[in-house]
Amino acid sequence: MDMSNGGFWDKVAEILHLKDVPFMGVPDYMFSIEYWLGAIAASALAWQAITGLILLLYYQPSDAYDSTMAIIHNVPFGSILLSSHLYGAYIMILAVYIHGLEVFFRGAYKRPRGAQWVLGVLLFAMTLGAAFVGYSLTGDVLSADAVNVGRGILTALGLSSAIPILFGNGTQLDLFTRLLGWHIIIAAALILFFALHFYLAEQNGFMPDLKESNYRAPALLSRSDSRLKPWWPRNFIFMLAIVLLTWGIILLIPSVLAIPQVLSRVPILLSPYPGPSPTSPEASSVPAYPPWFFLFMYKMADMPFGLAMDTVMGMFIPLIILLLVPALDRSDALHPLDRPWITALFITGLTWVIELSVWSAIQPGVPVKMQWFAITIIPPVVISFGGIYAIRRVWFKVKGELSGSRNRGAGFRLSKGAALSLGYLTSILAIIAIVVSFFLNPIMDGPYVGVMWGTALISFAASLLAYFYVEYIQW
Amino acid sequence: MSGGNVNESRRNFLKAMVTIAGLSVLAGMLRGLEVLVPPEVSISGFPRLLLVDENGNPIKASSIPINGKQIALFPYPLDNEPNMLLALGDSSGSPVEVPPTTVIIPQNNVSYDFPGGVGPSKNIVAYSAICQHLGCTFPELTFYPPGVKAITANGPMDKVIHCSCHGSTYDPYRGGAVVTGPTVRPLPAVVLEWDSSTDELYAVKMIGPVIYGHPGYSSPTSQLVKNPTGDLTGGSPISGTSTIVKYYSNPAS
Ligand code: FES
């Protein structure tokens, strides 16, 4: 299976004009995970689109909860479909967070990538929006409350006329029909915005290692750079491996959690399945919880400022600041310590999100007194700003000595021989996992099939990476 | 410019006209967004509905268990408006008469008259099972019978309706009045009628703030609290002349 010269794959490439694909190739050193965090989020998005469309064949707004449970219990591979759609969303949200943080700390929002950043923030907001609506679609005990909280927040913000638009005229059927409609509309818009985001990323090119641009914007990779190699087949293989690796993880985690012995011990926040129906006796044992990615907002709603203010502080101000980042910090300094105040602001915000989320998980729905608000909110500001400015002073002193002393990639390197054996091993593992999956029942053994598929995809991705390493990376 | 010459100012004028036309078409058609607003569903007045069990047999007031281990829920006046039916008692299980009282809304100090309990011991009351704060429903919002304490902002309390979503507490012995926030409005009450000859119960109207999430719920004017007509909009009507009471196990018992 030689992908570079002659043979089958060359034919395929020729017929499909893969060598003419206008995507940008990259230098070797960029085949490293931190350059592909956006790709991971996009892979999860693709998984969500595929599984979401299939779920559409079974989900019935007229019977939201029961049709959701029927997907788990009666549809072949249905439990995998539903739980991986949930975890696909979780992985996507995590990937979006990490991608955004990485972009921020590398200063990649600076010119010429400002518009890319703004689109990215909008994608982040839309991802959370789609997740909120999707979470309510199941019609389980927590979803009913989530929708009501949504109504309350809109009312507090003076937007009660938007309630029927979002949630329908009040009947159950209209509610779930609308939720489903909005879920799909937001997802479609997300894909459209992602296409724009991706187009800009291609046009502006990958952001090179910061040293290359001397930590100054604009950091650009020249298209005539001799290290750039054609997109096909190198980037294609690497990207395929990233996509399959992401999908493997999306399948593996919820499937492990859904194994009966494990499932009974999984806290409700991480459960791969919906909670009980609001009218079932078990409903009363379920504590009131939002999904984990809204825990911070849940705690914000306990703050002593009134709901409208809580929401503005917890959602709108952060969102506006994020959108404005490229305008607020217009310097061309890329190193985080060269733009200390915005770095400190970001670390503060991140600390707040984590703090509020943990607090909310431990003490859901306990109203917060003013002094507690101050005790949680003020120290991160002081520590972040104080810390960053202190580190910056030390850093200025040692800056000269550090620069140039480090060699890229001087660390551990896998020998080609070892990579080769790793490739054999993971290929065999992938095949074994797939063979095993055929002995399992699509309805009864859902979680185990999911574990096998997840293992197979991850192993296959690993073998692709091994092949890629052996074939295309030179040192 | 091939063909005739049109002078520059005319061309600029055309450009301006085309821009204005484009913008007006866009602005005018934005009106079409109204397509997103669904037509309202509503009923014209509060229905008088007999409370029945799942088999259609009328509920007898004297047989409702006092401080029951289970919570009885019934929809009224629309089918997405659940209410709790409670027969209140003291810690020894004997009925406690719920007297008529005036309930004050902390949000705006408007008040209304709660008619008190019904039934042979005047201890039967019914309140909306949707929290006025942010709309959590039963089982998050539930009744804590004597001896079962909820953790509230005022310390542990029993004989309250408490919501575990954000900690609002209401007093079912006093018309659903607010005991602790974050809610700023009492629970809406169902006005019940007891037919002493048959021992049957009827739901006849609502009193207090509009039920959470229905039009006007967040602005309880003195007009609205006497006749919360917002309750009649935003849900499917209940068919027939009765509403079904179902029992659920109470997380607080
Ligand atoms: S919804 Fe009941 S306290 Fe917030």
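Note that the structure is a prediction, hence the values are computed from the model and not measured.

*Asks:* Can you tell me about the interface of chain A and chain B, naming the residues and giving the values?
*Replies:* Each partner contributes residues to the interface: chain A has 31 residues there, and chain B has 28 residues. Summed over both sides, the interface of chain A with chain B buries roughly 2,300 Å², with 59% coming from carbon and sulfur. Remark: the boundary between chain A and chain B carries nine residue pairs in polar contact (both at pLDDT 80 or more). Among the elements of the structure, helix 6 (141-156), helix 7 (162-167) and helix 8 (172-204) of chain A are those that each provide at least two residues to the side of chain A that touches chain B. No other element matches helix 6 of chain A, which puts nine residues into the side of chain A that touches chain B. In terms of residue class, the side of chain A that touches chain B is built from 16 nonpolar, 10 polar and five charged.

*Asks:* Break down the pairing of strand 4 (residues 101-104) of chain B for me, with residues and values.
*Replies:* Sheet topology places strand 4 of chain B next to strand 5 (residues 111-114) of chain B; four bridges connect them, and they run antiparallel. Counted as the bridge partner of T102 of chain B is D113 of chain B from strand 5 of chain B.

*Asks:* Account for the domain arrangement of chain B, naming residues and giving values.
*Replies:* What the domain assignment reports for chain B is domain 1 (1-37) and domain 2 (49-249). The gap between the C-alpha centroids of domain 1 of chain B and domain 2 of chain B is 59 Å.

*Asks:* If you had to explain the side chain of N83 of chain B to someone new, which residues and values would you point to?
*Replies:* All names here are of chain B. Among the secondary structure elements, N83 is positioned in strand 3 (residues 82-87). Among the polar contacts listed, one links the side chain of N83 to the backbone oxygen of Y76, at a separation of 3.0 Å. Residues contacting N83, with those up to four places away along its chain left out, are A72, L73, F74, P75, Y76, Y127, S128, A129, V190 and M206.

*Asks:* Which residues make up the confidence of the model for chain B, and what values do they have?
*Replies:* Residue and element names in this part refer to chain B. Per-residue pLDDT for chain B has a mean of 91; in total, 99% of the residues score no lower than 70. Confidence scores differ between elements of chain B, with strand 8 (residues 150-152) showing the lowest mean pLDDT of 85 and strand 6 (residues 124-128) the highest of 96. Scoring of the predicted complex yields 0.88 for pTM and 0.78 for ipTM.

*Asks:* Lay out a nonpolar patch on the surface in plain terms, naming residues and giving numbers.
*Replies:* Residue and element names in this part refer to chain A. The grouping of M315, F316, I317, I320, I321, L324, L328, W341, L345 and Y389 at the surface amounts to a nonpolar patch, some 810 Å² of accessible area in total. Breaking the nonpolar patch down by element, the ones donating at least two residues are helix 12 (307-328) and helix 13 (340-362). Residue contributions to the nonpolar patch peak at seven residues, all from helix 12. When you line up the elements, L324 lands in helix 12.

*Asks:* Let's hear about the state of the cysteines: which residues, and what values?
*Replies:* Residues and elements named next belong to chain B. Taken as a whole, this structure holds one disulfide over all chains when the rule is applied. Covalently, C136 is tied to C165 through a disulfide, its sulfur atoms 1.9 Å apart. In this structure, the disulfide formed by C136 and C165 twists by about -90° around the S-S bond and is classed as left-handed. One end of the pair, C136, is in the loop between strand 6 and strand 7 (141-144); the other, C165, is in the loop between strand 10 (160-163) and strand 11 (169-171), and 29 residues separate them in sequence. Take C136 and C165: they sit in the same class, and that class is buried.

*Asks:* Tell me about the packing of helix 4 (residues 78-105) of chain A against helix 13 of chain A, and please be specific about residues and values.
*Replies:* For any two helices packed against each other, the geometry is given by the interaxial angle and the distance between the axes. Residue and element names in this part refer to chain A. Closest axis-to-axis distance for the helix 4/helix 13 pair is 11 Å, and the angle between their directions is 160°. Between helix 4 and helix 13, the crossing angle belongs to the class labelled roughly antiparallel. Once helix 4 is placed against helix 13, the crossing between them reads as left-handed. Facing Y97, L101, F104 and F105 of helix 4, the residues of helix 13 in contact are I342, T343, F346, I347, L350 and V353. In the contact of helix 4 with helix 13, the residues fall into nine nonpolar, one polar and no charged.

*Asks:* For the packing of aromatic side chains, give the residues involved together with the corresponding values.
*Replies:* Scanning all chains against the criterion turns up 36 aromatic pairs over all chains. Aromatic side chains F31 of chain A and F468 of chain A sit 4.7 Å apart centroid to centroid with 70° between the ring planes, which places their arrangement in the edge-to-face category. On the criterion of sequence distance, the pair formed by F31 of chain A in the loop between helix 1 (7-15) and helix 2 (37-55) and F468 of chain A in helix 16 (residues 446-472) is long-range, its members being 437 residues apart. Of the two residues, F31 of chain A and F468 of chain A, neither departs from the other in class, the shared state being buried. Where F46 of chain B meets Y76 of chain B, the ring centres are 6.5 Å apart and the plane angle is 20°; that geometry is what we call stacked. Here the residue F46 of chain B occupies a position in the loop between helix 1 (8-30) and strand 1 (49-52), and Y76 of chain B occupies one in the loop between strand 2 (70-75) and strand 3, the gap between them amounting to 30 residues. In this pair, the class of F46 of chain B matches that of Y76 of chain B, namely buried. These aromatic residues form a ring-pair network of at least three members: F31, W36, F206, F238, Y467, F468 and Y472 of chain A. Between the NZ or CZ atom of R339 of chain A and the centre of the ring of F104 of chain A, over which it lies, the distance is 5.2 Å. In this structure, K159 of chain B is placed above the aromatic ring of Y173 of chain B, and the distance from its NZ or CZ to the ring centre is 5.7 Å.

Calculation rules
- Residues numbered from 1 in each chain as written.
- Chains lettered and ligands numbered in written order.
- Predicted model: local features only at pLDDT ≥ 70, side-chain atom pairs only at ≥ 80, totals over all residues.
- Heavy atoms only, no water.
- Contact = heavy atoms within 4.5 Å.
- Buried area = accessible area lost by both parts, 1.4 Å probe.
- Polar contact = N/O pair within 3.5 Å; in protein donor to acceptor, adjacent residues only side chain to side chain.
- Helix = DSSP H or I, 4+ residues; strand = E, 2+ residues; numbered from the N terminus.
- Nonpolar A, V, L, I, M, F, W, Y, C, P; charged D, E, K, R; others polar.
- Pairing = 2+ DSSP bridges.
- Domains from an automatic or database assignment.
- pLDDT = per-residue confidence, 0-100.
- Patch = residues over 30% accessible without salt bridge, like charges linked within 9 Å, V, L, I, M, F, W, Y side chains within 5 Å.
- Areas by Shrake-Rupley, 256 points an atom, 1.4 Å probe, with all protein chains shown as cover.
- Salt bridge = Lys/Arg side-chain N within 4 Å of Asp/Glu carboxyl O.
- Disulfide = S-S within 2.5 Å.
- Buried < 20%, exposed > 50% of the residue type's maximum accessible area, 1.4 Å probe, protein only.
- Axes fitted to C-alpha atoms, helices over the stretch in contact; angles between N-to-C directions.
- Parallel < 35°, antiparallel > 145°, perpendicular 65-115°, else oblique.
- Left-handed = near helix turned anticlockwise from the far one by under 90°.
- Phe/Tyr/Trp six-rings, centres within 6.5 Å; stacked < 30°, edge-to-face > 60°.
- Lys NZ or Arg CZ within 6 Å of the ring centre and 35° of its normal.

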